[in-house]
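Fold and geometry: a report
Listed here are the chains, written in short residue letters.
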Amino acid sequence: MVILEEKTLINTSQEELFRWFEQLPKHYRSWHPDHVECRYLKGNMICRGAVLYVEEYLHGELHRLKLRVTNVVPNREIHYRVTPGIRGGFYFTARGSGSTVFEAYLHFGWNLRIFNQWFDGVLKSLLSDILPELKQHMHEEGINLKKYIELNRNSYTG
């Protein structure tokens, strides 16, 4: 399995950060300049079973994706599946003095015990051109989210 992770310390509470994600369609375009559109196809908030449609530029190409929310622990984590073999999510972990570690992850592949090493090598080879760009995109999202949240505290919760 190929795993990309990015962690960012944000001066806000888990609850405030989670509320921002509950209103993701409202904030999506301001989160990253490569984000084009975000709307619910099923449901109207981040909860298990909700489906979000997103458009964003990744590695120079416009991608139209459906994100199926697979699990939510309010104020702590959100998990989603893009397609079989691609899943992602976010963790919100409290750190003293009102700060939260925001962790985004993407997993590519399956946990195939017998073929793990071989399959991971093939997958890394197939994704080698885009993995650095996806990692950079995730890093920029973390930085942008930190700036947005810290500069606009309380204005995104309504």
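Above this text you will find the structure in question.
So, here is what we can say about the structure in this document. (Residues numbered from 1 in each chain as written. Predicted model: local features only at pLDDT ≥ 70, side-chain atom pairs only at ≥ 80, totals over all residues. Heavy atoms only, no water.)

1. Topic: the packing of aromatic side chains
Counting across every chain of the model gives 14 aromatic pairs. Plain terms: the ring middles of W31 and F90 are 6.2 Å apart, the flat faces sit at 55 degrees to each other, and that makes the pair tilted. Of this pair, W31 sits in helix α2 (residues 24–31) while F90 sits in strand β6 (residues 86–95), placing them 59 residues apart in sequence. For the pair formed by W31 and F90, the shared burial category is buried. Ring-pair connections join several aromatic residues into one group, and the members of that group are F18, W20, F21, Y28, W31, Y80, F90, F92, F102 and Y148. (Phe/Tyr/Trp six-rings, centres within 6.5 Å; stacked < 30°, edge-to-face > 60°. Helix = DSSP H or I, 4+ residues; strand = E, 2+ residues; numbered from the N terminus. Buried < 20%, exposed > 50% of the residue type's maximum accessible area, 1.4 Å probe, protein only.)

2. A closer look at the pattern of salt bridges
Within the structure shown, the criterion is met by four salt bridges. The closest approach of N and O atoms between E37 and R39, which form a salt bridge, is 2.6 Å. For E150, the salt bridge identified is with K146, shortest N-O distance 2.9 Å. Of this pair, E150 and K146 both sit in helix α4 (residues 131–151), four residues apart, which is roughly one turn of the helix. For E150, a relative accessible area of 28% puts it in the partly exposed group. (Salt bridge = Lys/Arg side-chain N within 4 Å of Asp/Glu carboxyl O.)

3. Thoughts on the side chain of E103
Position of E103 among the secondary structure elements: in strand β7 (residues 99–108). There is no salt bridge for the buried E103, and the closest opposite charge comes from K7, which lies 4.1 Å off by N-O distance. Contacts of E103, omitting those with residues within four sequence positions, involve E5, E6, K7, G89, F90 and Y91. (Lys, Arg positive; Asp, Glu negative; His and termini not counted. Contact = heavy atoms within 4.5 Å.)

4. Considering the pairing of strand β5 (residues 77–83)
One ladder, built from five bridges, connects strand β4 (residues 61–73) with β5; its direction is antiparallel. By the bridge assignment, V72 is partnered in β5 with I78. Taking the residues that link successive antiparallel strands as the turn, the β4-β5 hairpin has three residues, and the phi of N75 there is positive, at about 70 degrees. Pairing between β5 and β6: six bridges, direction antiparallel. (Pairing = 2+ DSSP bridges.)

5. A few points about the nonpolar core
Among the nonpolar cores identified, the biggest contains 33 residues, and L17, F21, W31, F90, F92, F102 and L145 are the most heavily contacted of them. Once residues within four sequence positions are removed from consideration, F90 is found in contact with F21, W31, R76, E77, I78, Y80, F102, E103, A104 and Y105. (Core = buried A, V, L, I, M, F, W, Y, C linked by side-chain atoms within 4.5 Å.)

In short, shape yes, function no, at least from these values alone.
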